[in-house]
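Architecture at a glance
So the chains spell out like this:
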Amino acid sequence: MEAALFLLCLSVIQVWSTDIPTMESPSVSASTSVLISTPVLTTPAPINCSTWDVTNTSIEGHIYGSIANATAKHDRDIVGEINASIVTFSDLLPGCNYSICIWPASGTVCSDMEATIAASVSDVTITALNSTSLRMNWTSAAGCVTNYSGSVNGSNFTTMKNYQEVHDLQPGCEYAAEIITEGFGPKSSMAVGKGATVAFPVKSLNVTAKNATSLVAHWATPVGCVQDFLLSLNHSNKRAMGNSIEFHNLLPGYSYRVSIIVYGFGKPSKEVSVTTNTYPADLVGVTCGYASSGYSIALSWPPPFGIWTRMEVKLAGQSLQNVTGSKTSVIIDGVQPGNSYTISLQLYSGDLGSLPVIISCTTDPRGIIAGVLVAVLILLMVILAIVVLRRKSNWLRQKRLTESEVTDDKFKVVPVGKFAEHFHKLSCDQNRGFSEEYENLSTAGVDQPCHTALIPENKAKNRFTNVLPYDSSRVKLSVRNRDMTSDYINANYMPGYGNNNRQYIAAQGPLPNTVNDFWRMIWEHDVKGVVMVTNCNEGGKVKCEQYWSEISLPQTYGNLAVTVTSEHKDIDWTQREFSVRNMMTSEVRLVKHFHFTAWPDHGVPSGTSALMEFRGIVRHHIESCCSLAPTVVHCSAGVGRTGTLIALDVALQQLEMERAVGLAVFVRKMRLNRPLMVQTESQYIFLHQCIMDKLKKEMKTEEPVYENTDMIYVNSMALRDFVAQNPKS
């Protein structure tokens, strides 16, 4: 617009008479001009870039004079006949100072120095120098220019040049530059240009193998303005808006180059790339064969799918050799004829290994030549087998020992009709009977080994050093990434009512380093219900790592994404529902979470009704959906409150089905599977009080009174009331 206005100004040219006298010889003919008075010249503000109106209030007839610009050396003589008070001068230079003089008959009159409006610059272009700097260029304005002033991103500048650099900008962002020309008069109108800085690249790109056919890329969002990311895997492009992306349908064991480019509002960033490979495919179809008369084993397999760089072969846990290249067979030496060997084979692609394949191979028995040696070996094997069988028989017999084999009356089932008498007997002399009976349970199961829990790699997975799962009943997880200790979690199977020896899983509360294992146990054992009988923090101490998110967004634990889909809070407990999604298979399962919040550590609740009502909700869930799958029960250590709730559930089932209760019998049975189940004497007495309150239906108007002092449970008042209304038969 400014350029068009300037051209318009140039087109308005005053046409003067060709008979113009010079400035040095002014002449006025008396016959052609009349001097009325001394003229007064005023110059109003310029109306555009190169036109000036001069107001003449006293002149008529002919006028001679000049308009001059000393700075630009731009002079012009003027002559003409005027019959009005305004004379217009065109075709002047923008931004320049002009002085106007006229020569009427009476003498020379000159105006004050005035200037035209400065011309705007044109062709404003902005180019990016880097991620934080821009360079602005423009075509210089015509006429008189004292300087150029401008602004970018709130930063002002002044320059005599026709370019300017601006620094300390944000990467990838768009900026507008405003340029104004300054001359000797009014400033020009504003010229505007736009441009953007170069986007900043990501600082780190982390690409890991998810499985044999998938890769996962993670990165941190760079500073500045980001529209999206362009990721390329072997020239296959994907757009992403977040901070991660997955690539699927890849080939096992192949090396892939993943690159990422950041896109803002200007030029994209430099490329950042990482090269990694997928896991190799699992080895299948391995077969054993005889070799070297039984002193070697021949292994063969079909060519695996994908790429692998080597195969690790282990015999009895010891690495024998690595098979490289594209071989499909190997000979294992150093074995004896007629024996069975366990062999592990695992494919590798770079540092990533497939799941190990474990097979059992028998060597050729014909390699045994000496008959005497054979006889001796057989004899030794028979003797060894007898010893092992005897020891195993003794161990099994001890393990199968039930409470019915114990002669002590305290370890027998008590009929309902005699339970009040039994309770009264144990409560006498300040609970002396309870103390003795509980003490008799202290040695149950303590001689069983806990070797796996004591492996150095597993010690950090135990919350307490004295609460370790027995090897015989511990819950096992799947082995991950060739780590044979990855199957460990501090949890044991617990028997239920009847013949189900795996009705429950008693577990410790997860630690920060075992939360993923906890969810893996729930998934691998198809758990539909989790019962939590502790709070995450009690008395200023962390009792259990919180293993769910407070918000309804997925929280990732290993390969599992857990989302809280519902939550309902009551006074003494909270019920939740978790949606658990396996990110490798996309399978989704629902898990109910029953959280009892009114149970102090090492103690007992203030009454029995809340816990028994809570147990009823859990029992209803087990019977309605998942009686075949184990229910996980945990507190902090997984023995005290956990054992009490499991014993209460079984005792109430037994009471309903048999009209009898064997609390001591079942507590001992639990302790043969996990140490310290029902950890304190007060918890043991609390179980009996629950049964008492269940039988006293007519006394529901008043809650029993409990006192938990130094692990002694006092409830003599409730006992006397019950005995008074239920005399012995």
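On a predicted model such as this, the values are computed, not experimentally measured, just so you know.

Observations regarding the nonpolar core
Counting 52 residues, the largest nonpolar core has Val531, Phe596, Leu611, Phe614, Ile646, Met670 and Tyr684 as the members making the most contacts within it. For this core, the elements supplying multiple residues, two or more each, are helix H3 (419-440), strand E35 (504-507), strand E42 (588-596), helix H6 (609-625), helix H7 (640-658), helix H8 (663-671) and helix H9 (681-695). When residues in this core are grouped by element, the largest group, 8 residues, is from H7. Sequence-distant contacts of phenylalanine 614, defined by excluding residues within four places in its chain, comprise Val531, Trp573, Phe594, His595, Phe596 and Leu645. Residues Leu477, Ile505, Trp523 and Val562 belong to the second largest nonpolar core, which totals 28 residues.

Topic: the environment of proline 512
Mapped onto the elements of the fold, proline 512 is located in the loop between E35 and helix H5 (515-524). Judged by its relative accessible area of 63%, proline 512 falls in the exposed class. Distance in space between the C-alpha atoms of proline 512 and glutamine 546 is 8.6 Å, their sequence separation being 34 residues.

Remarks on the sheet that holds strand E15 (residues 174-182)
The strand order E13-E12-E15-E16 describes an open sheet built from 4 strands, whose pairing is antiparallel. Only two strands of the sheet have a single neighbouring strand rather than two, namely strand E13 (155-159) and strand E16 (191-196). This sheet shows a mean twist of 20 degrees between the axes of neighbouring strands, independent of strand direction. Two elements, strand E12 (residues 147-152) and E13, share 5 bridges in a ladder whose sense is antiparallel. The residue bridging tyrosine 148 from the neighbouring strand is threonine 159, located in E13.

Re the state of the cysteines
The full count for this structure, using the stated rule, is 3 disulfides. Here cysteine 96 connects covalently by a disulfide to cysteine 144, the sulfurs 1.8 Å from one another. Handedness here is read from the sign of the S-S torsion; for cysteine 96 and cysteine 144, about 95 degrees, the answer is right-handed. One end of the pair, cysteine 96, is in the loop between strand E6 (86-89) and strand E7 (97-102); the other, cysteine 144, is in the loop between strand E11 (134-139) and E12, with 48 residues separating them in the sequence. Taken as a pair, cysteine 96 and cysteine 144 share a single burial class, namely buried. Between cysteine 288 and cysteine 361 runs a disulfide, and the two sulfur atoms are separated by 1.7 Å. In this structure the cystine formed by cysteine 288 and cysteine 361 twists about its S-S bond by roughly -45 degrees; its chirality is therefore left-handed. Remark: cysteine 361 occurs in strand E31 (residues 357-362) and cysteine 288 occurs in strand E24 (residues 287-291); sequence separation between them is 73 residues.

Calculation rules
- Residues numbered from 1 in each chain as written.
- Predicted model: local features only at pLDDT ≥ 70, side-chain atom pairs only at ≥ 80, totals over all residues.
- Heavy atoms only, no water.
- Core = buried A, V, L, I, M, F, W, Y, C linked by side-chain atoms within 4.5 Å.
- Buried < 20%, exposed > 50% of the residue type's maximum accessible area, 1.4 Å probe, protein only.
- Helix = DSSP H or I, 4+ residues; strand = E, 2+ residues; numbered from the N terminus.
- Contact = heavy atoms within 4.5 Å.
- Pairing = 2+ DSSP bridges.
- Axes fitted to C-alpha atoms, helices over the stretch in contact; angles between N-to-C directions.
- Disulfide = S-S within 2.5 Å.

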